[in-house]
Each structure stands twice: as C-alpha cells, then as structure tokens.
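Coordinate analysis (summary)
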Amino acid sequence: MPFMMLVYLLLTACDKDDVLPARPMEWSYEIITPANVQFLKSTTDVSPSYFFETNGKGGDMVMTCENYDVLNPISGDSYVYDCGWATLKIEGNQVKIHFAPSTPDDVALTHEEIQISANDGDRKVYTLIGFSRVINEEGPTDPQPEGLPEEAKFKMIMSEYTPFMKIESPLPAPLDLITFRITDINGEYSPIDIPEFTHYYDSIVWSADDFPHTFKVAENKVSAESAETHITTQWSSHFFKSGTVKSHLKGYRDGKVEYETSHRITLYDRDFLGLEWGAINLQKPTNLTAYCLLDRNYEYKLYDIVAKGYNPYSRFVPVNHKLLPDADFLPTTKKAVMILMENSLGTGENANGKESLFKCLPEKGVVAERYWENETTRMLMLHRLPDEEGLAEESYYLHIEPK
C-alpha cells in the first residue's frame, strides 16, 4: 500500500534566554526527486516552518542554511542520523535527506525528531527537523512543470585558468585559478547587460558534487517598493584537490529547481597539486592566496618556489580569513593542513626522523609532526612554536621540497 510521508522543518530555539539575540537559521531547499517529493507550504512566523510530502517510492532533498557556513554535528561527533526509513547527513551548511522506499511491513504512523545547530559566536541556534510517515491510499501529486522557453535556458563554461606561479601548463591543476562564465543556451556571453534568462528565476546557484558550499551567481529581489537583479556573469575559484569536479548551475523559482545545467572539469596534479619544480623565483616571489568558493572553510597562502643555498622549497600556510581569535585559529591551522593533505595523499605518517630528508627547514622554532611524499615531492606539517619575544605566532603549515 502506498504511503505519504510528511516532513516538517521547524526553526526554534531550545531556550529563549540562551539563544536570543542570535541570528535565526535561514533555509532554502532543493527537491532532487520531484516526482516523489514535493513542497507543501511554509509559514512566516518568527520561527518559520517548511512542509514537504513524499510518496512510498523514496526520494532525496537538500536543505541549505544560507546564513551559517558550518553546521554542528547532530550529536557528539556524528554528522549522520539514520532512523531506518530516513537518513540525514550534514555536509558544511547543508542537510542532505534521503527517504527509503516503503516496504509491506511499514507501520501506519511513524514519527522521528532530530535537532541540529549552528554557532553564532558564543551562542547557538537550533533547528528541529521532524519526520512523520502516514499511510494513505493516495500519494502526492506533482504536476509536470511547463516547458521552459529557449530564452530561459543557460549554460556554464570554463573560460580560462591561470596556473599557479604563472607556469606554462596545458592542463589545469587544483591550485590554478579557474574562471567560469554563465552564458545563454547558445553560448553567447554578456559581461555588461543583464541576460534575459535571469528574469525567469528567483536565483541561480553554483554547486558541485562533494563540495560543502554553494555560490549564488544571480538573484532577483522583488518587494512592493522595488525590483533588483544582481548577477555575476564571470567568477573564479581554486580547488583544493585533484580529479574530476562535476558542478551544477541551478535556476530556482519559488524554492524549486526549474532548470539545471552541469559542467565537468578535470584537475591534474603536477609535482604536487598545482606546484611544479624547476621554476625558482629568487628576486620577486609572488605569494598567492588560494580560496575555493565551494569550500569556504579554509584558505591558504601559497608561496612561490624560492631557494636556500640553491635548494628549492615552498610553503602553504593557512589564512585566518574568518578573523578567528588566536586561540581558535591555532587548531584551525592544523586541521586546514590535514584536510588539504587527506584530500591529496591521505593521513601521512609520523614525521619523527624525517627531518633529515629536507634541506631547507628552519633551524629552530618548529617541530615536524606529519610526513607525506609522492614520486617527486616530500611534505612536512610543521608546528611553528611561539618565540619568547612574541613575534612569531604559533601555527601549523606545510613545508614542501623536491626529492
């Protein structure tokens, strides 16, 4: 027997005095399987709620918190909640929800609740997500949307890439600056005028598989007093790992995806990510800050290859782009290095005794903690200790040398 499952999202505060005046969590949603899951309604109370409905065929949807970049674990250290027929997974600022197909043994009524949170400074804000499954003879109806005219469709292209250290390379690498453009369906690019297709959507959003964040390319803001359109027709980003990245441009209207186009780009390792040994700039090294629009948790300052006694080396240093207090930024630097390396070469090994393999390490003030290598390159995570004068800030960074 088919059934209907009701999902409601209620933004609430666990303790009024504890949360206020923290910013309430603001959400958008994407229904990935519109044939099986549909939006019902939302409220405009101080704590708004969202209602969805799904049939017994299973389905998927994604809730995105628009004003907090990172959500806390659901409980303890867990970012996943599984009640058997519904699974929640937190990734960055998103809650990915999967509904399993029904079975003949499903009970008539099932209810689950789960609370997630985000930090607003020293305070927390909470979201209570409740799931109700109701047996019913009729599933939700999802009328097919009317076909969009050609002028409402768009494309995404990679227009160029700027290699790290401006080396000559026929293939892009993760630390190169990749530039994308949004065009009309025929590939025509308008850098100045507002393209006609933007008028069909409330927003157009860039995302990518396995990346935690999104980037809003276009937005229409309409009120009783005015109507404004904002669009970024060209944008650039680094990526912090090699491999093929499948990204998406999605046009939203009334909270639903009305049109979507995708793009694949393959990022190749050079000697290490975007670095290539051989180009040594002794006179005017130019250091680059690398950022990823789809993973805003970390940024890195990438140092050009320089030399010590004609031995080349480089450094990747985490950047405090969120202006965290020193006490909070120190563990962030360690995590930033570990995440970068885990995405590239795994967890590495203990660095004890590996210092002798390197020729350009600082003579004092650092402790080597983790070691990695590939065919051409050796890498150390160094713990820079504070000095007695307080001139050197304690931090973690990556030291890199060729074999």
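Given the structure is predicted, the values throughout are model-derived calculations rather than measurements.

1. Structural notes on the overall build of the protein
Looking only at helices and strands, one finds 2 helices and 26 strands in the protein. Scored against the burial criterion, the 403 residues of the protein give a buried share of 44%. If you take every contact in the protein between residues at least 6 apart in sequence, the share linking residues at least 24 apart comes to 63%. Of the roughly 21000 Å² of accessible surface on the protein, 49% is carried by carbon and sulfur atoms.

2. Brief notes about the confidence of the model for the protein
Averaged over all residues, the pLDDT of the protein equals 82, while 81% of them reach at least 70. The model gives residues 1-19 a pLDDT under 50, and that stretch makes 84 contacts with residues more than four places away or in other chains. Note that residues 135-145 has pLDDT below 50 and, in this model, 26 contacts with residues that lie over four places away or in other chains.

3. With respect to the environment of Lys166
Structurally, Lys166 is set in the loop between β11 (154-162) and β12 (177-184). Classification of Lys166 as exposed rests on a relative accessible area of 72%. Separated by 120 residues in sequence, Lys166 and Thr286 have C-alpha atoms that sit 10.0 Å apart.

4. What to know about the side chain of Thr377
Turning to its location among the elements, Thr377 is positioned in strand β25 (residues 377-384). Given the relative accessible area of 0%, Thr377 is considered buried. At 3.0 Å, the side chain of Thr377 and the side chain of Trp277 are in polar contact. At 2.9 Å, the side chain of Thr377 forms a polar contact with the side chain of Thr376. If we skip the residues at most four places from it in the chain, Thr377 touches Asp271, Phe272, Trp277, Trp372, Ile400, Glu401, Pro402 and Lys403.

5. Some points on the sheet that holds strand β14 (residues 215-222)
Here we have 5 strands laid out as an open sheet, ordered β15-β14-β13-β17-β18, and antiparallel in their pairing. At either margin of the open sheet sits one strand with a lone partner, and together these are β15 (227-231) and β18 (256-267). Strand-to-strand, the axes of this sheet are offset by a mean angle of 15°, without reference to chain direction. The pairing of β14 with β15 spans 5 bridges and is antiparallel. Along β15, the bridge assignment pairs Val222 with Ala227.

6. A few points about unusual backbone geometry
One non-glycine residue, Met165, lies in positive phi territory at about 65°. One can find Met165 in the loop between β11 and β12.

7. Comments concerning the pattern of salt bridges
Applying the stated criterion across every chain, the model contains 12 salt bridges. Close ionic contact of Lys403 with Glu373 constitutes a salt bridge, the shortest N to O distance being 3.7 Å. Of this pair, Lys403 sits in the segment after β26 (395-402) while Glu373 is found in strand β24 (residues 366-373), placing the two residues 30 residues apart along the sequence. Taking relative accessible area as the criterion, Glu373 reaches 42% and is therefore assigned partly exposed. Each of Lys89, Glu91 and Lys96 takes part in one network of salt bridges that share partners.

Parameters at a glance
- Residues numbered from 1 in each chain as written.
- Predicted model: local features only at pLDDT ≥ 70, side-chain atom pairs only at ≥ 80, totals over all residues.
- Heavy atoms only, no water.
- Helix = DSSP H or I, 4+ residues; strand = E, 2+ residues; numbered from the N terminus.
- Buried < 20%, exposed > 50% of the residue type's maximum accessible area, 1.4 Å probe, protein only.
- Contact = heavy atoms within 4.5 Å.
- Areas by Shrake-Rupley, 256 points an atom, 1.4 Å probe, with all protein chains shown as cover.
- pLDDT = per-residue confidence, 0-100.
- Polar contact = N/O pair within 3.5 Å; in protein donor to acceptor, adjacent residues only side chain to side chain.
- Pairing = 2+ DSSP bridges.
- Axes fitted to C-alpha atoms, helices over the stretch in contact; angles between N-to-C directions.
- Salt bridge = Lys/Arg side-chain N within 4 Å of Asp/Glu carboxyl O.

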